[in-house]
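Reading the structure
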Amino acid sequence: EITYSIPEASFVHLSIYDILGIKVQELVSDWQEAGTHKIKFDGTNLPSGIYFIKLEAGGFVQRGWMNKVD
């Protein structure tokens, strides 16, 4: 589960990228109200490794990473 907050209502993109920068999954592509949101992430079809998370909401951009271990 990924928890994120956006500062104002806007169109939100939340995507997961592999170590090569290839988008492997788009979790959110929708209008959302300001506040804290949660989304379930099912990475069972992805191999172990480091993945990057990119959140875009209006002019706000945040990046992070996660380590998936099988």
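Structural data are supplied above this passage.
This is a predicted model, so every value here is computed, not measured. One numbering rule holds for all chains: residues counted from 1, following each sequence as written. Only residues with pLDDT of 70 or above have their local features reported here, since the model is predicted, and side-chain atom pairs are shown and tallied only from 80 upward, although totals for entire chains, interfaces and linings are computed over all residues. In computing side-chain properties, one takes all heavy atoms of the structure into account and sets aside hydrogens as well as water.

Right, let's get into the nonpolar core. Buried Ala, Val, Leu, Ile, Met, Phe, Trp, Tyr and Cys residues form a nonpolar core when they are joined through side-chain atoms within 4.5 Å. Each residue gets one of three labels from its accessible area relative to the maximum for its type: buried under 20%, exposed over 50%, partly exposed in between, using a 1.4 Å probe on protein chains only. Core analysis: the largest hydrophobic core is formed by 15 residues, its most contacted members being Ile-2, Tyr-4, Val-12, Leu-14, Ile-16, Leu-27 and Phe-41. Runs of E in the DSSP output that reach at least two residues are strands. Runs of H or I that reach at least four are helices, and both are numbered from the N terminus. Residue assignment for this core shows that the elements contributing at least two residues are β1 (2-6), β2 (10-17), β3 (23-32) and β5 (49-57). Here the element with the most residues in this core is β5; it accounts for four residues. Contacts are assigned to residue pairs with any non-hydrogen atoms lying within 4.5 Å of each other. Once you skip the residues sitting within four places of it in the chain, Phe-41 turns out to touch Glu-1, Ile-2, Ile-16, Gln-25, Leu-27, Leu-46 and Met-66.

On to the pattern of salt bridges. Any Lys or Arg side-chain nitrogen found within 4 Å of a carboxyl oxygen on Asp or Glu counts as a salt bridge. Taken as a whole and judged by the stated rule, the model has two salt bridges. Residues Lys-23 and Glu-26 are paired through a salt bridge, measuring 3.7 Å at the closest nitrogen-oxygen approach. When its relative accessible area of 42% is taken as the criterion, Lys-23 is described as partly exposed.

On to the environment of Val-28, then. Checked against the element boundaries, Val-28 lands in strand β3. Residue Val-28 is classed as buried on the basis of its relative accessible area of 7%. Considered as a pair, Val-28 and Lys-38 are ten residues apart in the sequence and their alpha carbons are 10 Å apart. Apart from the residues lying within four places of it in its own chain, the contact partners of Val-28 are Tyr-4, Val-12, His-13, Leu-14 and Ile-39.

Together, Ile-19, Leu-20, Ile-22, Val-24, Ile-50, Phe-52 and Trp-65 give the surface a local cluster of nonpolar side chains, amounting to about 720 Å² of exposed area. Judged by its relative accessible area of 34%, Phe-52 falls in the partly exposed class. Patch definition: residues with relative accessible area over 30% and no salt bridge; like charges joined within 9 Å; nonpolar side chains (Val, Leu, Ile, Met, Phe, Trp, Tyr) joined within 5 Å. Every accessible area reported is derived by Shrake-Rupley at a probe size of 1.4 Å, with residue values counting cover from the shown protein chains alone.

Once that is clear, we can look at the sheet that holds strand β6 (residues 60-68). What the four strands build is an open sheet, ordered β3-β2-β5-β6; its pairing is antiparallel. Each edge of the open sheet is held by one strand with a lone partner, namely β3 and β6. On average, each strand axis in the sheet is inclined to that of its neighbour by 15°, with strand direction left out of account. Two strands qualify as a pair provided that DSSP identifies no fewer than 2 bridges between them. Judged from the eight bridges that link them, β2 and β3 form a sheet pairing that is antiparallel. Paired with Ser-15 across the two strands is Glu-26, which belongs to β3. The convention used is that axes are lines fitted to C-alpha atoms, helices contributing only their stretch in contact, and that angles between N-to-C directions extend from 0 to 180 degrees.

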